[in-house]
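# Residue-level structural notes
Single-letter residue listing:
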Amino acid sequence: EAEVAQSPRYKITEKSQAVAFWCDPISGHATLYWYRQILGQGPELLVQFQDESVVDDSQLPKDRFSAERLKGVDSTLKIQPAELGDSAMYLCASSLASTYNEQFFGPGTRLTVL
Amino acid sequence: GDSVTQMEGPVTLSEEAFLTINCTYTATGYPSLFWYVQYPGEGLQLLLKATKADDKGSNKGFEATYRKETTSFHLEKGSVQVSDSAVYFCALSGLRGGSNYKLTFGKGTLLTVNP
């Protein structure tokens, strides 16, 4: 069964360092999402891609976060510099298209900022 | 904007007990409704869904019915097992600008089932 892949699964970093997360969506899925899930909360959308284009990044803290999906397949989310409040689970999801409302989630990257 | 309110946890049950987790929503138009489950240390898995009023989603013994009149999508299971221990998220998918769908999640309900 096809799955969304994410790496690393766990990341510990110090405040002010740079971190990067990688996501490989299900093959053929044009739409890719990055979510942040703070402990005890539901996921919140950070950025949505349709192929290689950003569709929605209204909740992305652009002073420190960046995301790219250069070839419209896999994607990287970067934080520079990391802050204590960035400690969270970062989830990637994909769907066939933005007009298709079922999303499939990866296992997530647990980030701890010390 | 869209919002989802679900029953606060934690919920602790004995094995074979009946489970209900309440979920209500606010949305414009006709959203699709979902229940996702998250096991410790893992990502979210889709448990069940319903795309229109009166639809019943079901999977692995769990059920939820899309009730438009009460804007609710309560999750139920007749007999829970220890392996059902997880966090359950109610979510809705509504149109946002053009034809893009956006998932809005509730805060999650932690379920612990004891043997």
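Below or above, wherever it landed, is the structure these notes cover. Residue numbers here run from 1 along each chain, matching the order of that chain's written sequence. Each chain takes a letter, starting from A, and each ligand takes a number, starting from 1, following the order in which they are written. With pLDDT at 70 or above as the cut-off, local features in this predicted model cover only qualifying residues; side-chain atom pairs require 80 or more to be listed or tallied, and sums for whole chains, interfaces and linings still use all residues. Side-chain metrics in this entry use all non-hydrogen atoms of the structure; hydrogen atoms and water are not considered.

### Focus on the overall build of chain B
Cut-off, in case you're wondering: A run of H or I in DSSP becomes a helix once it reaches four residues, and a run of E becomes a strand once it reaches two; helices and strands are each numbered from the N terminus. Each radius of gyration is computed over the set of C-alpha atoms, and the globule rule expresses the reference value as 2.2 Å times the number of residues to the power 0.38. Should any heavy atoms of two residues lie within 4.5 Å, those residues are considered in contact.
Across its full length, chain B carries zero helices and twelve strands. The C-alpha atoms of chain B give a radius of gyration of 14 Å, which matches the 13 Å a tight globule of 115 residues would have. Structurally, chain B occupies a C-alpha span of about 50 × 30 × 20 Å along its principal axes. Long-range contacts, defined here as pairs at least 24 residues apart, represent 54% of the contacts in chain B between residues at least 6 apart.

### Observations concerning the sheet that holds strand β7 (residues 56-59) of chain B
All names here are of chain B. Convention followed: A pair of strands is considered paired only if DSSP assigns at least 2 bridges between the two. Interaxial angles span 0 to 180 degrees and are taken between N-to-C directions of axes, which are lines fitted to C-alpha atoms, for helices over the stretch in contact.
Pairing in this open sheet of four strands is antiparallel, and the strands run β3-β9-β8-β7 from one edge to the other. Two strands close off the open sheet at either side, each with one partner strand: β3 (19-21) and β7. Neighbouring strand axes in the sheet, compared pairwise and without regard to direction, differ in orientation by 15° on average. Two elements, strand β8 (residues 62-65) and strand β9 (residues 75-77), share three bridges in a ladder whose sense is antiparallel. From the neighbouring strand, Glu 63 faces β9, where its bridge partner is Glu 76.

### Here we look at the environment of Arg 69 of chain A
Residue and element names in this part refer to chain A. Where we set the bar: Contacts described as polar in this section are N or O atom pairs within 3.5 Å, which, within protein, must combine one atom able to donate a hydrogen with one able to accept it, while residues neighboring in sequence count only if both atoms come from side chains.
Considering the arrangement of structural elements, one finds Arg 69 in the loop between β7 (65-68) and β8 (75-79). Along the sequence, Arg 69 and Ser 87 sit 18 residues apart, while their C-alpha atoms lie 23 Å from each other. Once residues within four sequence positions are removed from consideration, Arg 69 is found in contact with Pro 25, His 29, Ala 30, Thr 31, Leu 32, Phe 49, Gln 50, Asp 51, Glu 52, Asp 74 and Ser 75. A polar atom in the side chain of Arg 69 sits 3.1 Å from the backbone oxygen of His 29. In terms of polar contacts, Arg 69 uses its side chain to reach the backbone carbonyl oxygen of Gly 72, at 3.1 Å.

### Points about the packing of aromatic side chains
Formally: Stacked, tilted and edge-to-face are the three classes applied to pairs of Phe, Tyr and Trp rings, where Trp contributes its six-membered ring and a pair requires centres within 6.5 Å; stacked means planes under 30 degrees apart, edge-to-face means over 60, and tilted covers the rest. The classification of residues rests on relative accessible area computed with a 1.4 Å probe and restricted to protein chains. Under 20% of the type maximum is buried, over 50% is exposed, and intermediate values are partly exposed.
Enumeration according to the criterion identifies twelve aromatic pairs over all chains in this entry. The interplanar angle of 80° and the centroid separation of 5.4 Å between the aromatic rings of Phe 105 of chain A and Tyr 36 of chain B together place this pair among those described as edge-to-face. Taken together, the residues Phe 105 of chain A in strand β10 (residues 104-105) and Tyr 36 of chain B in strand β5 (residues 32-38) connect one chain to another. Taken individually, Phe 105 of chain A and Tyr 36 of chain B each receive the classification buried, so the pair is uniform in this respect. What links up through ring pairs into an aromatic cluster is the set Tyr 33, Tyr 35 and Phe 105 of chain A together with Phe 34, Tyr 36, Phe 89 and Phe 105 of chain B.

### A short note on the side chain of Thr 65 of chain B
Residues and elements named next belong to chain B. Assignment of secondary structure puts Thr 65 in strand β8. What makes Thr 65 buried here is its relative accessible area of 17%. What Thr 65 contacts, discounting residues up to four positions off in sequence, is Asp 54, Asp 55, Lys 56, Ser 72, Phe 73 and His 74.

### Quick notes on the nonpolar core
We count it as follows: Think of a nonpolar core as a cluster: buried Ala, Val, Leu, Ile, Met, Phe, Trp, Tyr and Cys residues, connected wherever their side-chain atoms sit within 4.5 Å.
By size, the foremost hydrophobic cluster in this structure holds 25 residues, and its most contacted members are Leu 19, Trp 35, Leu 47, Leu 48, Phe 73, Leu 75 and Tyr 88 of chain B. Elements supplying a minimum of two residues to this core: β2 (11-14), β3, β4 (23-26), β5, β6 (44-50), β8, β10 (86-95) and β12 (109-114) of chain B. Within the second largest apolar cluster, 20 residues are counted, among which are Ile 26, Trp 34, Ala 82 and Cys 92 of chain A.

### What about unusual backbone geometry?
Going from Ser 7 of chain A to Pro 8 of chain A, the amide bond is cis rather than trans, its omega being -10°. Locating Pro 8 of chain A in the fold gives a position in the loop between β1 (5-7) and β2 (10-13). Cis geometry marks the peptide bond from Gly 9 of chain B to Pro 10 of chain B; its omega dihedral reads -5°. Considering the arrangement of structural elements, one finds Pro 10 of chain B in the loop between β1 (3-6) and β2. Residues other than glycine seldom take positive phi values, yet Ser 16 of chain A does so here, at roughly 80°. Residue position: Ser 16 of chain A is located in the loop between β2 and β3 (19-24). Since its relative accessible area comes to 48%, Ser 16 of chain A is described here as partly exposed. Although it is not a glycine, Thr 71 of chain B sits at a positive phi angle of roughly 45°. Its place among the elements puts Thr 71 of chain B in the loop between β8 and β9.

In short, geometric facts, not functional conclusions.
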